[in-house]
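Architecture at a glance
Each chain, written out:
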Amino acid sequence: MIDPVVIAPKGELDLHAVRALAPQLDDAGGADYPHLIMDLSAVTLLDSTALGAIIQLQHRFNGQGRSLSVIAPPGSAAAVLLELTGVRSSFSVFPSRDAATA
Amino acid sequence: MIDELLRRTHLCAPSDLAAVIADPPRRIGARSVVLYLIDYEQQSLVPLPGSGRGDLAPLSVAGTIAGRAFSTTSVLRSSGSEGIGQRLWLPLLDGTERLGAIEMTFDAPVSERTVMVCERYAHLAAMLIATKTAYGDVFEVARRRAPMTIASELLWQLAPPLLFATDRLVIAGMLEPCYDNGGDALDYAVNAGVLHVGVFDAMGHGLAAAGVAAFALSAYRHSRRRGCGLLETYAAMDDAVGAQFPDARYVTAVFAQLDLESGRLTWISAGHPPPLVIRHGRLARTLSAPPAAPLGIPLQTPAPVVAEESLEPGDLLLLYTDGLTEARHPDGQMFTVAGVGEFIEREAAAGLVAPETLRRLRNAIVDRQAGHLNDDATAVLLEWRRGSEVDLLPQTAE
């Protein structure tokens, strides 16, 4: 089995940080490996552009039949945002990388 | 005097209106009449060109008699220059919307009867300003004390008047930063005993975000005017944003209907912070409901659910965007939902009406010395059956 590729940003994911992360996300969206893990465990803040970038990535993966796992431990900034904005069920969310690869 | 003004306004261009309004009061002894409009930041009253002398400076709302007439919607008197005669300061109210203030200077003391006539005259003047503003830029330009971005230009064009009051209801709005708002919008309408109200926040900032917000707002109005319910309105906005912006751009929104007779409130939160209720003047709590997904995202999402709550007479309801609660104090601390709730509780307990509470909230979060905004901050504060609508009518005070 091919190991999933992991993207694990840290700290505050605001407009500026999302711009910096964009090439990596673009590469991931254009690649052909089957499984990407977006690990948001160490993200302390996500703004609307960050959520938009993750939605965009999920949209591309859906269209390609590839799978995207989002790591958002309970109580983390990412978990709270996904819950509050009503989009949690549109993603495969796991509490840890181990859980995502089990 | 009122007849003469009405007759002369038929062919009056907006830029001539101030001079036309200043003329008829000479017949009742007014030596000069100056119209002041409130600026976008609601901090200064700006004299209109064509009224009074040409060298008048803006007056601060804080600490001036003009400002007090404006912020308390009261008719106030002060003595004329060199102690001769009297000045009247009257609020310029289009209905209840606070456009500014009028200063009328008389050579002799003014009778109560004259004060009453001047109050009606100021009301007519305000309605004429509101009507004529569609035909020229003079009032709009006067209200601007700083350059405005194109995004803000677009969003202000879409914004309804930021204050309305009717039987059982006062509703006030705030859109900040007023010269550089990038993607927030608000709207409301009172139709046959039902208030329709919504707050919208497009992802990102700047002109692109303002465009997305404009699509969502237009779809909202279109649905409302077709008589659609909340679920249909959600679907229409979701389609409008999703079809025009097939990438992941989206809008979060909370939009509600309030039955003004019964207080029944129904709403949908599309990925948006929940509304806040301030009850009995102190207890702030969020109106939690299962959130629906933001509008226009290209993913499979669960069907939205309409939430319901009964307001109690005297309740205040706040709809807002996260830029408000995430605004920073000077020490870098976030305002937070609790902080905003406490602020509104405090101002309401002091007896302030909704527009004045929002004006002070705005000053607290936007004042350059006091704090700064990282994001657009939008709020709608409404008061249901609080009896406060009469406080927005002109008061005669000493």
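As the structure is a prediction and not an experimental result, all values here were calculated from the model. (Residues numbered from 1 in each chain as written. Chains lettered and ligands numbered in written order. Predicted model: local features only at pLDDT ≥ 70, side-chain atom pairs only at ≥ 80, totals over all residues. Heavy atoms only, no water.)

1. Considering unusual backbone geometry
Residues and elements named next belong to chain B. For clarity, the threshold we go by: Put simply, DSSP H or I for four residues or longer makes a helix, DSSP E for two residues or longer makes a strand, and each gets a number counted from the N terminus.
In this structure, the amide linkage connecting Glu176 to the following residue, Pro177, adopts the cis form with an omega of -5°. By secondary structure assignment, the location of Pro177 is in the loop between strand S8 (169–176) and strand S9 (184–191). Even without glycine at this site, Thr73 takes up a positive phi of about 45°. Tracing the backbone through its elements, the reader meets Thr73 in the loop between helix H3 (65–71) and strand S4 (74–79). At Thr336, a position not held by glycine, the phi torsion is positive, near 70°. Topologically, Thr336 is positioned in helix H10 (residues 336–349).

2. Digging into the sheet that holds strand S3 (residues 35–39) of chain A
Residue and element names in this part refer to chain A. Note the following rule: Criterion used throughout: strands pair if DSSP finds at least two bridges between them. Only the stretch in contact is used when fitting a helix axis, every axis being a line fitted to C-alpha atoms; angles between N-to-C directions are given from 0 to 180 degrees. Contacts are assigned to residue pairs that have any heavy atoms within 4.5 Å of one another.
Pairing within the open sheet is parallel, and its 4 strands lie in the order S1-S3-S5-S6. In the strand order of this sheet, the two ends are held by strand S1 (5–7) and strand S6 (92–94), each with one partner. Averaged over neighbouring strand pairs, the angle between their axes works out to 25° when direction is ignored. Sheet topology note: the strand S5 (residues 67–71)/S6 ladder contains 3 bridges and is parallel. From the neighbouring strand, Ser69 faces S6, where its bridge partner is Ser92. Against the sheet, helix H1 (residues 15–30) makes contact with S1 and S3, and its axis sits at roughly 155° relative to S1, the strand it touches most.

3. Regarding the domain arrangement of chain B
Residues and elements named next belong to chain B. To keep it simple, the criterion reads: Here the bounds of each domain stem from an automatic or database domain assignment. Defined here as a combined quantity, buried area equals the accessible surface (1.4 Å probe) lost by two parts on assembly, summed across both. Criterion for a salt bridge: a side-chain nitrogen of Lys or Arg within 4 Å of a carboxyl oxygen of Asp or Glu. Identification of polar contacts relies on pairs of N or O atoms within 3.5 Å, with a donor-acceptor requirement for protein atoms, meaning one able to donate a hydrogen and the other able to accept it, and with residues adjacent in sequence counted only if both atoms are side-chain atoms.
Looking at the assigned domains, one finds that chain B contains domain 1 (2–142) and domain 2 (148–392). For domain 1 versus domain 2, the separation of C-alpha centres amounts to 32 Å. The interface of domain 1 with domain 2 comprises 12 residues on the first partner and 18 residues on the second. Here domain 1 and domain 2 share an interface that buries about 1300 Å² over both sides, 50% of which is from carbon and sulfur atoms. Three residues stand out in domain 1 for area buried against domain 2, namely Tyr40, Glu41 and Thr96, and they jointly supply 46% of the buried area on that side. Taken together, domain 1 and domain 2 are joined by 2 salt bridges. A salt bridge links Arg98 to Glu356, with the nearest nitrogen and oxygen atoms 3.1 Å apart. For the pair domain 1 and domain 2, the interface holds 6 residue pairs in polar contact (both at pLDDT 80 or more). Breaking the side of domain 1 that touches domain 2 down by element, the ones donating at least two residues are H3 and strand S6 (97–106).

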